[in-house]
Amino acid sequence: MRTHYCGTLRASDIGSTVTLFGWVDRRRDHGGVIFIDLRDRTGVVQIVSDPERTPASYPQADPLRNEYVVKIQGRVSQRQEGSINPKLPTGEVEIFADTIELLNAVRKPLPFQVSTADSESVREDLRLKYRYLDLRRERMAQNLRIRHEVTKAIRRFLEDQEGFYEVETPILTRSTPEGARDYLVPSRVNPGEFYALPQSPQLFKQLLMVSGVDRYYQIARCFRDEDLRADRQPEFTQLDMEMSFMTQDEILALNEALVAHIFKEVKGVDIPLPFPRLTYAEAMDRYGSDKPDTRYGLELVDVSDLVKGCGFKVFSGAIADGGIVKVLPIPNGNDQISNVRIKPGGDVFKIAADAGAKGLAYVRVRGNGEVDTIGAIKDNLNADQMAELLRRTGATEGTLLLFGAGPTDIVNATLDRVRQAIAREMNLIPEGTYNLLWVTDFPMFEWNADQQRLEALHHPFTAPNPEDIDDLKTARAIAYDIVLNGYEIGGGSLRIYQPEVQSQVFDTIGLSESEARDKFGFLLEAFEYGTPPHGGIAYGLDRIVMLLAGEESIRDAIAFPKTQQARCLLTQAPSGVDEAQLKELYIASTYEPEED
Ligand SMILES: Nc1ncnc2c1ncn2[C@@H]1O[C@H](COP(=O)(O)OP(=O)(O)OP(=O)(O)O)[C@@H](O)[C@H]1O
Ligand SMILES: N[C@@H](CC(=O)O)C(=O)O
Ligand SMILES: [Mg+2]
Ligand SMILES: [Mg+2]
């Protein structure tokens, strides 16, 4: 019987006899004394065996190699003065092994040494192929633990304190309205028909409100066939919630308490309540982003009105075409960012160009109010305009002003990316801070240029702000996102529960009555049988764990993730299937992928 986990042994255990199970993290031979770091999921502890002090275990310790699985019985002892390891939680003690039992050996060369492997030294494809070994590493074991603690804290809070029911919803279902491509599953018993894997439990959770569940949550798997990024997986997990009879403020307050509870339980961090709120319009104006990282300043300044009549066509033309001119002021930016870097070919220019910008005009503030700038600005802004520009942007000696001019979305995207890159480069991001905020008042719709129509920014069941109901096209939604350090970790809304409003919304996005019936008829019908006012939110659980674990890739927050190409390198999924299986599913042929 195991008496302790390896990583839990402390000086207070000195003198006790223990039985431990685990893996050989490392084996060292120091002149006839064998040291073994024994590892389990809690960490490592040092085992000692030598012919003098532990004659019985020495022959058993000698043949051990890294990653062998063993059972060890021994006595916990104080380490000698010079050999105490303050970096290790178990560093004050060591175990003199009375017996060592080999439970299993490693029978093949290890693809990498677990004990010394880190995310930098081992290629990620190798880590993913041998994920079970990768997960033995301290860092990954820690990430798994954090994930477990996050879900535990969620369940305790929602179930024990707030009276939520967990309800499971179907995985084999119909298309849900989150706007990504669906994963489809052919039905054998219904030839030619397909299930869609859920992009979210959205429709079911709203139906549960019609059923009177009142407070629903689910740790729910979601599937979206979309372009993958460092914070996106094709299959991911949401903390999904829905509540009846609550206002937006009540929903936000409950969620703030939930998030604060998670941070307290998992990180021991107190998050100040309530969270700051920014409207979507403010967030776009000040940061150029609907998920601003507010851990540092570098706020954008709109100078459209100041330069709209000036002779510099890049500025005045942008505004004449309905766009904007904005400035990113960078205190001490002059020393940091040379002209070479912001001109074509430079790295900062490239960041801007990737976001769609044609260039980055600049002003550099020197001593005595002198400025350096491009010819077109020098020639076209008079002294008053220049003084006003410096005043508004708070520019002082050493400040670099970078301009974005053009269509509003491109200017915002450009300055947002440059802002983030500069903050990282100039070390303006404080370590260990967690900035949480709500972004509220999203627009109901955005223009889809490809399809030449408005589409729902959130999803088409999101309630419009009653103040804006007369002009739905430009209405604000009662929708909110929760942002942590520049990442969208969740989003939700109050829902439409009156059929008249729902029809108007479908109308605005060009969804005809019959198309709406076809897609969501079952939900619309349910809404006719007594629907409570309701609203909810869904969090990206993997993203939360990634951020709490201090990781930069969502893959490090998931036990068995997929690559950027949506592959599982461990199981080699997806894979081809037999002709016979296809036949059974009535799938006749496959199209060849198009060449890029
Ligand atoms: N592909 C994905 N992988 C991991 N997490 C995701 C993914 N898509 C969404 N999420 C998480 O689920 C939450 C709720 O889903 P929502 O539909 O609001 O996502 P979204 O707005 O499309 O997110 P994003 O714009 O980041 O793709 C998001 O706030 C995000 O944290
Ligand atoms: N289901 C929505 C979130 C919500 O509105 O609750 C989503 O996944 O985005
Ligand atoms: Mg998305
Ligand atoms: Mg969202």
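Residues numbered from 1 in each chain as written. Chains lettered and ligands numbered in written order. Predicted model: local features only at pLDDT ≥ 70, side-chain atom pairs only at ≥ 80, totals over all residues. Heavy atoms only, no water.

Asks: Looking at this structure, I do not really get the site of ligand 1. What am I missing?
Replies: Ligand 1 sits among 16 residues. The nearest are E226, R232, Q233, E488 and R543. At a separation of 3.0 Å, an oxygen atom of ligand 1 approaches a polar side-chain atom of R224. Within the side chain of E488, an N or O atom sits 2.6 Å from an oxygen atom of ligand 1. Sorting the residues of the shell around ligand 1 by element identifies β10 (235-244), β21 (487-494) and β22 (534-540) as the ones contributing at least two each. Top element by residues in the shell around ligand 1 is β21. It accounts for three residues. Split into classes, the residues belonging to the shell around ligand 1 amount to four nonpolar, four polar and eight charged. (Near = heavy atom within 4 Å. Polar contact = N/O pair within 3.5 Å; in protein donor to acceptor, adjacent residues only side chain to side chain. Helix = DSSP H or I, 4+ residues; strand = E, 2+ residues; numbered from the N terminus. Nonpolar A, V, L, I, M, F, W, Y, C, P; charged D, E, K, R; others polar.)

Asks: Looking at this model, I keep getting lost on helix α14 (residues 383-393). Mind explaining?
Replies: Because each turn of an α-helix spans 3.6 residues, side chains separated by three or four positions end up pointing in the same direction. Among the residues of α14, those classed as buried are Q385, M386, L389, L390 and T393. Each buried residue of α14 sits inside an arc of 135 degrees when the element is viewed along its axis, so together they form one side. Seen from the buried face of α14, the exposed residues on the opposite side, beyond 90 degrees, are A383, D384 and R391. Two to three positions downstream of the cap, the backbone nitrogen of D384 sits 3.1 Å from a side-chain oxygen, assigning the N-cap of α14 to N382. Looking one or two residues past α14, G394 carries a phi angle of roughly 65 degrees, positive in sign. (Buried < 20%, exposed > 50% of the residue type's maximum accessible area, 1.4 Å probe, protein only. Arc of directions from axis to C-beta.)

Asks: Just checking my understanding: could you explain the UniProt feature "binding site: L-aspartate" (unreviewed entry) in the chain for this structure?
Replies: Per the UniProt record, "binding site: L-aspartate" (unreviewed entry) is annotated on E178, R224, H458 and R495. Along the chain, the position of E178 falls in the loop between β6 (165-166) and β7 (184-186). For E178, the residues in contact, after removing those within four places along its chain, are Q199, S200, Q202, R224 and H459. With respect to the helices and strands, the residue R495 is situated in the loop between β21 and α16 (499-508). For R495, a relative accessible area of 3% corresponds to the buried category. Here the side chain of R495 touches H459 through a polar contact of 3.4 Å, side chain to side chain. (UniProt positions renumbered as here; feature names shortened; annotations may be inferred. Contact = heavy atoms within 4.5 Å.)

Asks: When you look at the packing of helix α4 (residues 138-161) against helix α6 (residues 248-267) in this model, what are you seeing that I'm missing?
Replies: When two helices pack together, their arrangement is given by the angle between their axes and by how far apart the axes lie. With their axes 9 Å apart at the nearest point, α4 and α6 run at an angle of 135 degrees to one another. With respect to α6, the axis of α4 lies oblique. Handedness of the crossing formed by α4 with α6: right-handed. Along its contact with α4, which presents I146, E149, V150, A153, I154, F157, L158 and Q161, the element α6 presents L254, A257, L258, H261, I262, E265 and V266. When grouped by side-chain class, the residues that make up the contact of α4 with α6 number 11 nonpolar, two polar and two charged. (Axes fitted to C-alpha atoms, helices over the stretch in contact; angles between N-to-C directions. Parallel < 35°, antiparallel > 145°, perpendicular 65-115°, else oblique. Left-handed = near helix turned anticlockwise from the far one by under 90°.)

Asks: What should I look at first to understand the sheet that holds strand β17 (residues 436-440) in this one?
Replies: Strands belonging to one sheet form pairs held by backbone hydrogen bonds; the direction of such a pair is parallel or antiparallel. Across the sheet, which stays open at both edges, the eight strands sit in the order β6-β9-β10-β22-β21-β20-β17-β11 with mixed pairing between neighbours. Each edge of the open sheet is held by one strand with a lone partner, namely β6 and β11 (277-279). Examined bridge by bridge, β21 and β22 share five bridges and lie antiparallel to one another. In the sheet register, L494 faces β22, and the bridge partner there is G535. Of the strands in this sheet, β6, β9 (215-223) and β10 are in contact with α4, which crosses β9 at around 150 degrees. (Pairing = 2+ DSSP bridges.)

Asks: What is the right way to read the environment of N104 from this model?
Replies: Checked against the element boundaries, N104 lands in strand β5 (residues 93-104). In this structure, the C-alpha to C-alpha distance between N104 and Q161, residues 57 residues apart in sequence, is 45 Å. Contact partners of N104, with chain neighbours within four places excluded, come to Y68 and V69. A polar side-chain atom of N104 sits 2.3 Å from a polar atom in the side chain of R107.

Asks: Would you take a moment to explain the packing of helix α5 (residues 202-210) against helix α17 (residues 513-526) for this structure?
Replies: Close contact between α5 and α17 brings their axes to 10 Å; oriented N to C, the two are set at 15 degrees. Between α5 and α17, the angle falls in the class roughly parallel. In this structure, α5 crosses over α17, and the sense of that crossing is left-handed. When α5 is examined against α17, the residues L203, Q206, L207 and V210 are found in contact with a partner set consisting of F520, F522, L523 and A526.

Asks: In this structure, what is going on with the site of ligand 2? I would like to understand it.
Replies: Taken together, the neighbourhood of ligand 2 is formed by 14 residues, with E178, Q202, K205, H458 and R495 sitting nearest. Note that a nitrogen atom of ligand 2 is positioned 3.4 Å from one of the side-chain N or O atoms of S200. Between Q202 and ligand 2, the recorded distance is 2.5 Å, taken from a side-chain N or O atom to a nitrogen atom. For ligand 2, whose accessible area on its own is 270 Å², the fraction buried by protein is 93%. Of all elements in the fold, only α5, β21 and β22 reach the threshold of two or more residues within the shell around ligand 2. In terms of residue count, the dominant contributor to the shell around ligand 2 is β22 (three residues). Among the residues making up the shell around ligand 2, the classes are represented as two nonpolar, eight polar and four charged. (Areas by Shrake-Rupley, 256 points an atom, 1.4 Å probe, with all protein chains shown as cover.)

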